[in-house]
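Here is what each chain is made of, one letter per residue.
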Amino acid sequence: MTGTAVDLIWLAPALALLGFVLNGTLALARPATKTAVSIIGVGVLLGAFAIGIAVFRSFVALHTDAPVVFQYWSWIPVGSLQVNVGFQVDQLSTVMLLVVTGVGSLIHIFSVGYMQEDPGYARYFAYLNLFVFFMLLLVLGSSFPVMFVGWEGVGLCSYLLIGFWFSDKVNADAGRKAFIMNRIGDFGFMVAMFMIFWSTGSLDFGTVFSHAPTAFVAGGGAITAITLFLFLGCTGKSAQIPLYTWLPDAMAGPTPVSALIHAATMVTAGVYLVARCNLLFAMAPVSGAVVAGVGALTALFAATIALKQWDIKRVLAYSTISQLGYMFVAVGTGGAAISAGIFHLATHAFFKALLFLGSGSVIFAMHRAYHASHSHEDAQDMRNMGGLARHMPWTTTLMWIATLAIAGVPPLSGFFSKDEILTAVFARGTPQPAWLVFGGLGLVTALLTAFYMTRLMLYTFHGPNRTGGEERRHLFEAPWIMTAPLLVLGLLSLAGGLLNVPELYHGNAWLQHWLEPISRSSVALLPETHLATGTEWMLVGIAVAVAAIGIVGAWRLLNLETIVPAHSAPAERGFARVLRNKWYVDEIYDALIVRPIVWLSREVLWKWIDQQVIDGALVNGAARGTRAVGWANRWLQTGQVGVYVAVFLVGVLLLLWRAMS
Amino acid sequence: MTLTFFWIFGVIAMGSALLCITRRNPVVCALWLVVTLFALAAMYVMLDAQFIAALQVLVYAGAIMVLFLFVIMLLNLGRPGPTDIKGPVGLLLAAVLAGTLLFQLRVLGGAQALPPSAIQLPPGSLAALQARQGIVGAVAGPLFETYLVPFEIASVLLLAAIVGAVVLAKRKL
Amino acid sequence: MLLSPALEISAVLFTLGVAGVLLRRNTIVIFMCVELMLNAVNLTFVALAQPLGIGGQVFVFFVMAVAAAEAAVGLAIILAVYRHKQSVSLQNMNLLKD
């Protein structure tokens, strides 16, 4: 207890939970309610955001490097395992708190407009509030188990919201896929937790991190295994190779959900986890390299797929995977680069939420237009769009801002955060050349990012309109309740870089200094890095040039006149087809993992073990055995009282015989 | 002297009990049982339980056995009919089981089963108690003090038995 | 001391009661045998009351009360069964099987 507003931290998740309870009750009792649901759903988030700001201000005023930990009650007191439900307020969790509640509030407001006509309105907001509750649990928890509850909870909400329109089998399947892929990751998280408890005897962040230097041998097998298992959890939750395939399918959910869960907050949980455990990763150099390497590979791989996708949301989904890869490169680098990763996490939350919400506006408009003309075209396919800039000027402008930001055009937010990562990575390249490769991959990714984002913008908003005349008359800008959040996010994407203007531009690098207490213990374990000012300027130059090449290249290479609507488009050929089909990864997984497991389950587990052994031998066998014993003993039941008396007496005699001996 | 009389009445009780279970006619059985009960009453007197002996004659030999005879007469079973004693197999079974039981009871009721002398009252203390409180008073004292609740419950049980017997025996209520 | 002979006689009487129950088919006689067993137990109570206190005699009092109740209800049951089956033989009471 600090006696300041920091003590109110419990109120933020409690408000979200209250929103879930109220909206959930309304969803069950009066599913048609709209106004009350909107007020509750958005209100609790704004309240949580206000509390977040108050907590943040008070925490800044405390001028403390040490985290403020609140232990509320004992949760699992078993022998030496003592787990309390507790929250930890420190530099990292306050940043995450603000991002989650801030971006969350904007997306809630957007949802009011986007979901207005949906019959599951109350249910939607109940899930969304529940998600925020679990997300806050995840970022605020003061121990691995509390964090894990949040981790599982956001997975559950993700599942519920991906399959929000569950009457469509595709959507329900996408939800299941996300859930199962996440389970694989969660298994890693749990194993890591067991091993951490085994080695340090605790699961509280504070205790674990203070015991880690003595409990583990730096670079030893135990710490490497723990961190790799933790990272397995991250690959599931944050959609990295090899578990990324669920995220593009997760676009089956409502678009604001994609913005909130599958771009801004939940998928960054893995980045948060690595940042939180940066000390452990710093003690295991191999794991750090694996994290950075997988991140870099994922960034490039997803970017290539994004090049040839036609579904506007899928492009953004692969872009999200790619940008998450960037963040993992940063947190895998460790030390001061943690702040670069968190910085990119925050700016990415701004511009990617903006992109998703903008695409939501577009889909909303397309959907309304198709609805007006009773057409059943795909409202998300870019081949059906084109020239929307004339009809949706606000959305177009704001999405261009986000596109420039994600492409890394100065002085937008993405430029600073991406450049921060590249600088840190190349700085590590001097002692460890592997990082030069990661940096190189990052630069290529930056080029591809600029290209496919420009492609998305051009196909959607520019060139001739491909919707058809009837629909064209019904294309309008979304209502103000949807554009207002976009506007705020646009401002944040523009100015988000101010959070962390590096010293190179005589900025104060606020976020980097702010997060210093988090990464302080790990900096000492990592090799000393330094980059000459000239090299830094050169890197900035390369990054800007790459972005420019990407944007201009897309502008010059793509011919907007030759695009035809989706229903008459020819199939791709050659390499484009491989990219269009996502490198056939889903098919490979299906052939290598899914089908053998299904075969094993059906032929061995079901038909043999379950039906033959369990049902046949054990279940029916028990019944048959009972019947046989009953049949054999049937003659005892004569119905003659005299016989019963005799048998009874035999029993008495036996008892007496026991008494005698 | 007392021991001799005790054995005489014991033999009477056992003999008449044997006749009771072997006579064919239920009325004869009942009468032999009455003889057993009387012999037991005599043994109770020798065991310093005069009040119980009186109850035995009044309640058992009087009331209960009259009830038996009454039912036998009511059902008109007094005539000698076909025997109800089971055949040789039943006889053998009964003999084996009863023999085993007797053996076991004799072992269990033998010398080592007697209460240890440490907790035994000195000889004649029961007679002294009866001399102090009177024969009925010696039983009535604990009955209405220590065992008051069981006594009341027994009265409820008897009431329930009366009601039950009426319900069962009456043709139409 | 009459305790040992009393226990001997009691054991024999009890055994005779059991033998009667096993041997007879007439329910009224079986009932009498049950009474015989109760009396055998009563004898041990009274015999043991001498060295162990007056409680044994009090217990006999209760046994008599229960025996009276049992006789009343039991004989009423026999009456009801006889009315139903025109017989008091155990052979005819075999409905427990069904």
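The structure this text deals with has already been given above.
The rules we used
- Residues numbered from 1 in each chain as written.
- Chains lettered and ligands numbered in written order.
- Predicted model: local features only at pLDDT ≥ 70, side-chain atom pairs only at ≥ 80, totals over all residues.
- Heavy atoms only, no water.
- Helix = DSSP H or I, 4+ residues; strand = E, 2+ residues; numbered from the N terminus.
- Buried < 20%, exposed > 50% of the residue type's maximum accessible area, 1.4 Å probe, protein only.
- Contact = heavy atoms within 4.5 Å.
- Areas by Shrake-Rupley, 256 points an atom, 1.4 Å probe, with all protein chains shown as cover.
- Buried area = accessible area lost by both parts, 1.4 Å probe.
- Salt bridge = Lys/Arg side-chain N within 4 Å of Asp/Glu carboxyl O.
- Polar contact = N/O pair within 3.5 Å; in protein donor to acceptor, adjacent residues only side chain to side chain.
- Nonpolar A, V, L, I, M, F, W, Y, C, P; charged D, E, K, R; others polar.
- Axes fitted to C-alpha atoms, helices over the stretch in contact; angles between N-to-C directions.
- Left-handed = near helix turned anticlockwise from the far one by under 90°.
- Phe/Tyr/Trp six-rings, centres within 6.5 Å; stacked < 30°, edge-to-face > 60°.
- Lys NZ or Arg CZ within 6 Å of the ring centre and 35° of its normal.
- Core = buried A, V, L, I, M, F, W, Y, C linked by side-chain atoms within 4.5 Å.
- Expected span 1.5 Å × (residues − 1).
- Bend = angle between axes of the 7 residues up to and from the residue.
- Parallel < 35°, antiparallel > 145°, perpendicular 65-115°, else oblique.

**Things to note about the overall build of chain A**
Right, on to step 1. Looking only at helices and strands, chain A has 26 helices and two strands in total.
Right, on to step 2. Of all 661 residues assigned to chain A, the portion counted as buried reaches 56%.
Right, on to step 3. Taking all contacts inside chain A whose residues are at least 6 apart in sequence as the whole, residues at least 24 apart take part in 80%.
Right, on to step 4. For chain A, the computed accessible surface area is about 26400 Å², with 69% contributed by carbon and sulfur atoms.

**Remarks on the interface of chain B and chain A**
Right, on to step 1. Across the boundary between the two partners, chain B contributes nine residues, which contact nine residues of chain A.
Right, on to step 2. Where chain B abuts chain A, roughly 750 Å² becomes buried across the two surfaces, and 85% of that area is made up of carbon and sulfur atoms.
Right, on to step 3. Considering only the surface of chain B that becomes buried against chain A, Leu97, Gln104 and Leu108 of chain B emerge as the three largest contributors, covering 62% of it.
Right, on to step 4. There are zero salt bridges connecting chain B and chain A.
Right, on to step 5. Where chain B touches chain A, the interface holds one residue pair in polar contact (both at pLDDT 80 or more).
Right, on to step 6. Split into classes, the residues belonging to the side of chain B that touches chain A amount to six nonpolar, two polar and one charged.

**A closer look at the packing of helix α18 (residues 434-461) of chain A against helix α23 (residues 533-557) of chain A**
The relative placement of two packed helices is expressed as an angle between their axes plus a distance between the axes.
Residue and element names in this part refer to chain A.
Right, on to step 1. At their nearest, the axes of α18 and α23 sit 8 Å apart, and the two run at 35° to each other. In this structure, the crossing between α18 and α23 has a hand that is right-handed. Contacts from Leu443, Ala446, Leu447, Ala450, Phe451, Thr454, Arg455 and Leu458 in α18 reach Ile542, Ala543, Val546, Ala547, Ile549, Gly550, Ile551, Gly553, Ala554, Trp555 and Leu557 in α23.

**Some words on the interface of chain C and chain B**
Right, on to step 1. Listed as interface residues are 67 residues of chain C and, on the opposing side, 78 residues of chain B.
Right, on to step 2. A combined buried area of about 6600 Å² lies between chain C and chain B, and 80% of that area is made up of carbon and sulfur atoms.
Right, on to step 3. Contact with chain B buries area across many residues of chain C, yet Leu23, Arg24 and Met32 of chain C alone supply 11% of it, more than any other trio.
Right, on to step 4. Our enumeration of links across chain C and chain B arrives at two salt bridges.

**A look at the packing of aromatic side chains**
Right, on to step 1. One pass over the structure, following the stated rule, counts 37 aromatic pairs over all chains.
Right, on to step 2. Their ring planes at 70° and their centres at 6.4 Å tell us that Tyr147 of chain B and Phe62 of chain C sit as a pair that is edge-to-face. Of this pair, Tyr147 of chain B sits in the loop between α6 (135-144) and α7 (148-169) while Phe62 of chain C is found in helix α3 (residues 55-85), placing the two residues in two different chains.
Right, on to step 3. The exposure class assigned to Tyr147 of chain B is partly exposed, which follows from its relative accessible area of 30%.
Right, on to step 4. Taking relative accessible area as the criterion, Phe62 of chain C reaches 12% and is therefore assigned buried.
Right, on to step 5. Here the basic side chain of Arg276 of chain A rests over the ring of Phe205 of chain A, its NZ or CZ set 5.3 Å away from the ring centre.
Right, on to step 6. For Arg455 of chain A, the ring lying beneath its charged end belongs to Trp310 of chain A, and the centroid distance is 4.7 Å.

**Quick word on the nonpolar core**
Right, on to step 1. Of all hydrophobic cores here, the largest spans 207 residues; its most connected members are Phe144 and Trp246 of chain A.
Right, on to step 2. The dominant element in this core, judged by the number of residues it contributes, is helix α15 (residues 337-372) of chain A, at 21 residues.
Right, on to step 3. Ignoring anything within four residues of it in the chain, the contact list for Phe144 of chain A reads Phe189, Met193, Ile196, Leu203, Phe205, Val208, Leu273 and Cys277 of chain A.
Right, on to step 4. In terms of nonpolar packing, the next biggest core, distinct from the first, is built from 85 residues, Ala53 and Ala61 of chain B together with Leu2 and Met32 of chain C among them.

**So, helix α2 (residues 27-52) of chain C**
Residues and elements named next belong to chain C.
Right, on to step 1. Relative to the 38 Å expected for 26 residues at 1.5 Å per residue, α2 spans 37 Å between its end C-alpha atoms, a close match to the ideal helical length.
Right, on to step 2. Of all the 26 residues making up α2, 20 are buried; the element is thus mostly covered by neighbouring parts of the structure.
Right, on to step 3. The opening residue of α2, the one whose side-chain oxygen lies 2.9 Å from the backbone nitrogen of Ile28, is Asn26.
Right, on to step 4. Phi turns positive one or two residues past the end of α2, at Gly53, with a value near 115°.

**Details of helix α25 (residues 585-632) of chain A**
Right, on to step 1. Helix length check: α25 of chain A (48 residues) gives 62 Å between terminal C-alpha atoms against 70 Å at 1.5 Å per residue, more than 12% under.
Right, on to step 2. Remark: the principal bend of α25 of chain A, roughly 40°, maps to Asp610 of chain A.

**Considering the packing of helix α2 (residues 35-62) of chain A against helix α3 (residues 91-114) of chain A**
All names here are of chain A.
Right, on to step 1. Put simply, α2 and α3 touch, their axes get as near as 9 Å, and they point 155° apart. Overall, the two elements α2 and α3 adopt an arrangement that is roughly antiparallel. With respect to the hand of their crossing, α2 and α3 are arranged in left-handed fashion. Residues Ser38, Gly41, Val42, Leu45, Leu46, Ala48, Phe49, Gly52, Ile53, Val55, Phe56 and Phe59 of α2 form the contact with α3, whose participating residues are Gln91, Thr94, Leu97, Leu98, Thr101, Gly102, Gly104, Ser105, His108, Ile109 and Val112.
Right, on to step 2. Considering only residue class, the contact of α2 with α3 consists of 13 nonpolar, ten polar and no charged.

**So, the environment of Ala98 of chain B**
Right, on to step 1. With respect to the helices, strands and loops of the structure, Ala98 of chain B is situated in helix α4 (residues 88-108).
Right, on to step 2. Apart from the residues lying within four places of it in its own chain, the contact partners of Ala98 of chain B are Thr15 and Ala19 of chain C.

**Some remarks on the pattern of salt bridges**
All names here are of chain A.
Right, on to step 1. A full pass over the atoms with the stated rule returns 15 salt bridges over all chains.
Right, on to step 2. The partner of Asp90 in a salt bridge is Arg276, and the shortest N-O contact between them spans 2.6 Å. Note that Asp90 is positioned in the loop between β2 (81-89) and α3 and Arg276 in helix α11 (residues 269-276), a separation of 186 residues in sequence.
Right, on to step 3. Using a relative accessible area of 6% as the deciding quantity, one classes Arg276 as buried.
Right, on to step 4. For Arg183, the salt bridge goes to Glu152, with nearest N and O atoms at 2.7 Å. Placement of the pair is Arg183 in helix α6 (residues 169-200) and Glu152 in helix α5 (residues 144-162), with a sequence separation of 31 residues.

So yeah, pure geometry; function would need other evidence.
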